[in-house]
Amino acid sequence: MKAAAAIAFALFLVYSLISRSHSEPQEKDQSKPGPKVYECRWAKGQIEFDGVIKESAWAGAEPIEFRVAWQNRKPHSATKARLLWDKDYLYFCAEMEDVDIYADNLEPNGRLWENDVFELFFKPNANKLGYYEFQVNAANTPLEMYLPSRGAGGYNRFGPLTEEFHVESFVKVDGTLNDYTDKDKGWTVEGRISWDAFKPTGGRPKAGDRWRFALCRFDYSVTLEQPEQSTSAPLTRPDFHRYEDYQELMFVERK
Ligand SMILES: [Ca+2]
Ligand SMILES: [Ca+2]
Ligand SMILES: [Ca+2]
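Residues numbered from 1 in each chain as written. Chains lettered and ligands numbered in written order. Predicted model: local features only at pLDDT ≥ 70, side-chain atom pairs only at ≥ 80, totals over all residues.

Here we come to the overall build of the protein. When you go through the protein residue by residue, the secondary structure sums to 3 helices and 11 strands. The secondary structure elements of the protein, listed N-terminal to C-terminal, are α-β-α-β-β-β-β-β-α-β-β-β-β-β. A total of 255 residues make up the protein; the buried ones form 37% of that total. Partitioning the intrachain contacts of the protein with sequence separation of at least 6 by distance along the chain shows that 60% fall at a separation of at least 24. (Helix = DSSP H or I, 4+ residues; strand = E, 2+ residues; numbered from the N terminus. Buried ≥ 20, exposed ≤ 12 C-beta atoms within 10 Å, placed from the backbone. Contact = placed C-beta atoms within 7 Å.)

Right, dumping it as structure tokens:
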């Protein structure tokens, strides 16, 4: 009898382990949904880098939403951003509302986040430490960095190591730059990044690959008490380097 009871108990344990393992993933999914997947579509047709987002290529791109995620609200200054790719480049554009456009840093790889700036973060492999940061401020000054690890010295260490810039961009200001006494409408950036920039992690992706990414901006304006940080990523803290919270970018094959 004792043996039969022990067997019954053992079977009960196995059954409860199996049923737990079946129910656990569902519970996990409900509490923390996986990252949203944006499509990075193939750029069809010419893009003229003039800050005017009117090409049919852009019309075919998936719009990327911005929010002040950690405050769970829409930003004061709206942003419409898009990404595309082809065999040579990753293309980006952003149309940004801004009533006071401010950018006085003209030094490449300077502290551009102290100006009105658009930022792009890409982490090609979720399981490897390396990731990239690109910025363009409203004066069209670029920043480009490969960070082999998030905690190894950051901008101070890796910013000065950029030897060659692979980001090309054009900025169009609808208003007056660096004059806070009037009311501006906004600024647009349109640009591309050569796949050579991504050499440290293997270069150009293949169709179907998924990268983690975040598009972000700082808006400094006299109508705001604090610079507004908004982003495409549902960040749980105001830290643009928090790649655990990034969404996914899936590279869609040429059609
Ligand atoms: Ca254009
Ligand atoms: Ca102005
Ligand atoms: Ca501003």
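There is more to say, and it comes next.
Core analysis: the largest hydrophobic core is formed by 59 residues, its most contacted members being Leu83, Leu84, Tyr91, Phe121, Ala138 and Ala214. Ranked by residue count, the leading element in this core is strand β3 (residues 89–97), at 7 residues. Residues contacting Ala138, with those up to four places away along its chain left out, are Ile101, Tyr102, Ala103, Asn115, Asp116, Val171, Val173, Leu177 and Trp187. (Core = buried A, V, L, I, M, F, W, Y, C linked by C-beta atoms within 7 Å.)

What follows deals with the environment of Leu177. Positionally, Leu177 belongs in the loop between β7 (167–174) and β8 (186–194). According to the C-beta neighbour criterion, Leu177 is partly exposed, with 16 such atoms within 10 Å. Residues Leu177 and Ile101 lie 76 residues apart in sequence; the distance between their C-alpha atoms is 5.3 Å.

Here the focus is the pairing of β8. Here β8 lies mainly inside the structure; 8 of its 9 residues are buried. Where β3 and β8 come together, 9 bridges link them in antiparallel fashion. Among the inter-strand pairings, Tyr91 is bridged to a residue of β8, identified as Arg192. Alignment of β7 against β8, held across 8 bridges, turns out to be antiparallel. Residue Val171 lies in a different strand from β8, and its bridge partner there is Val189. (Pairing = 2+ DSSP bridges.)

Next up on the list: the environment of Arg212. Among the structural elements, Arg212 can be located in strand β9 (residues 210–219). We classify Arg212 as buried; it has 20 C-beta atoms within 10 Å. Put simply, Arg212 and Asn125 are 87 residues apart on the chain and 7.3 Å apart in space, counted from C-alpha to C-alpha. The residues touching Arg212, leaving out its near neighbours within four places in the chain, are Lys123, Ala126, Tyr243, Tyr246 and Glu248.

For Asn109, which is not glycine, the phi dihedral falls at a positive 60 degrees. Locating Asn109 in the fold gives a position in the loop between β3 and β4 (117–123). Although it is not a glycine, Asn178 adopts a positive phi angle of roughly 65 degrees. One can find Asn178 in the loop between β7 and β8.

Attention shifts here to the environment of Glu119. Tracing the backbone shows Glu119 in strand β4. For the pair formed by Glu119 and Ala214, sequence separation is 95 residues and the distance between their alpha carbons is 8.2 Å. Aside from chain neighbours lying at most four places away, what touches Glu119 is Glu133, Phe134, Gln135, Cys216, Arg217 and Phe240.

This part covers the confidence of the model for the protein. Per-residue confidence for the protein gives a mean pLDDT of 90; residues scoring 70 or more make up 87%. Below a pLDDT of 50 lies the segment residues 9–30, which in the model reaches 0 contacts outside its immediate sequence neighbourhood of four places, other chains included. (pLDDT = per-residue confidence, 0-100.)

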